[in-house]
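The residues making up each chain are set out below.
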Amino acid sequence: MEIEKTNRMNTLFEFYATLLTDKQMNYIELYYADNYSLAEIAEDYEVSRQAVYDNIKRTEKVLEGYEEKLHLYSDYIVRSQMLEKLIDEHKEDTELVQELKAIQQIDEEQ
C-alpha cells in the first residue's frame, strides 16, 4: 500500500467519516488506520475478501467525491498555510499571534 494514499485516505476519513455507512466506516478504518488485511476484515465480517475489496474501493471513490464537492481537506490545508504565514510575519505582535493560534486550535479540534 502506498504511504501517500494511506495518509490521504486516513485524512479524508477524518473529515468525512460521518457521511459514510457503518460498514464503510468500519472497513476503511480497519484497512487504512488499523492496517488490517483484506483477508482479516473478511474473516471478521464473515464475507469474501472480494466483497471487502469492492467495498473499500467504492468507499475510496465516495471519499474522493466528497472532497471534490466539499473541499474540506483542501480548504483546511490552505487555511493552515495562511495562518502559519501570518503567524510568522507578525510574530512580534503577541496578541495577534495568540488569536491566530486560537483559530488554528479550532481547526485541529474538528
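For the structure, check the block above.
Residues numbered from 1 in each chain as written. Predicted model: local features only at pLDDT ≥ 70, side-chain atom pairs only at ≥ 80, totals over all residues. Heavy atoms only, no water.

Some words on the side chain of Thr59
Next, step 1: Among the structural elements, Thr59 can be located in helix α4 (residues 49-70).
Next, step 2: Taking relative accessible area as the criterion, Thr59 reaches 0% and is therefore assigned buried.
Next, step 3: Not counting the four nearest positions on each side in its chain, Thr59 is found in contact with Leu20, Gln24 and Ile28. (Helix = DSSP H or I, 4+ residues; strand = E, 2+ residues; numbered from the N terminus. Buried < 20%, exposed > 50% of the residue type's maximum accessible area, 1.4 Å probe, protein only. Contact = heavy atoms within 4.5 Å.)

A look at a negative patch on the surface
Next, step 1: On the surface, a cluster of negative charge is contributed by Glu92, Asp93, Glu95 and Glu99.
Next, step 2: Checked against the element boundaries, Glu95 lands in helix α6 (residues 94-109). (Patch = residues over 30% accessible without salt bridge, like charges linked within 9 Å, V, L, I, M, F, W, Y side chains within 5 Å. Areas by Shrake-Rupley, 256 points an atom, 1.4 Å probe, with all protein chains shown as cover. Salt bridge = Lys/Arg side-chain N within 4 Å of Asp/Glu carboxyl O. Lys, Arg positive; Asp, Glu negative; His and termini not counted. Charge placed at Lys NZ, Arg CZ, Asp CG, Glu CD.)

With respect to unusual backbone geometry
Next, step 1: Even without glycine at this site, Asn35 takes up a positive phi of about 60 degrees.
Next, step 2: With respect to the secondary-structure elements, Asn35 resides in the loop between α2 (22-33) and α3 (38-45).

Concerning the nonpolar core
Next, step 1: In this structure, Tyr31, Tyr32, Ile41, Val52, Ile56 and Leu63 are the most contacted members of the largest nonpolar core, which totals 17 residues.
Next, step 2: Sort the elements by how many residues they give to this core and α2 lands first, with five residues.
Next, step 3: In contact with Val52, not counting residues within four places along its chain, are Tyr27, Leu38, Ile41, Ala42 and Val47. (Core = buried A, V, L, I, M, F, W, Y, C linked by side-chain atoms within 4.5 Å.)

Regarding the pattern of salt bridges
Next, step 1: Tallied over the entire structure, the rule returns five salt bridges.
Next, step 2: With its nearest N and O atoms 2.9 Å apart, the salt bridge here joins Arg8 to Glu64. With a gap of 56 residues between them, Arg8 in helix α1 (residues 3-16) and Glu64 in helix α4 connect regions that are remote in the sequence.
Next, step 3: Relative accessible area serves as the criterion here: at 28%, Glu64 is assigned to the partly exposed category.
Next, step 4: Note that Glu60 and Lys57 form a salt bridge whose closest N and O atoms lie 3.3 Å from each other. With Glu60 and Lys57 both in helix α4 and three residues apart, this pair spans about one turn of that helix.
Next, step 5: On the accessibility criterion, Glu60 (7% relative accessible area) is buried.
Next, step 6: Its relative accessible area of 29% is what places Lys57 among the partly exposed residues.

Description of the side chain of Asn55
Next, step 1: Here Asn55 lies in helix α4.
Next, step 2: Owing to a relative accessible area of 8%, Asn55 belongs among the buried residues under this scheme.
Next, step 3: When sequence neighbours within four positions are dropped, the list of residues in contact with Asn55 reads Lys23, Gln24 and Tyr27.

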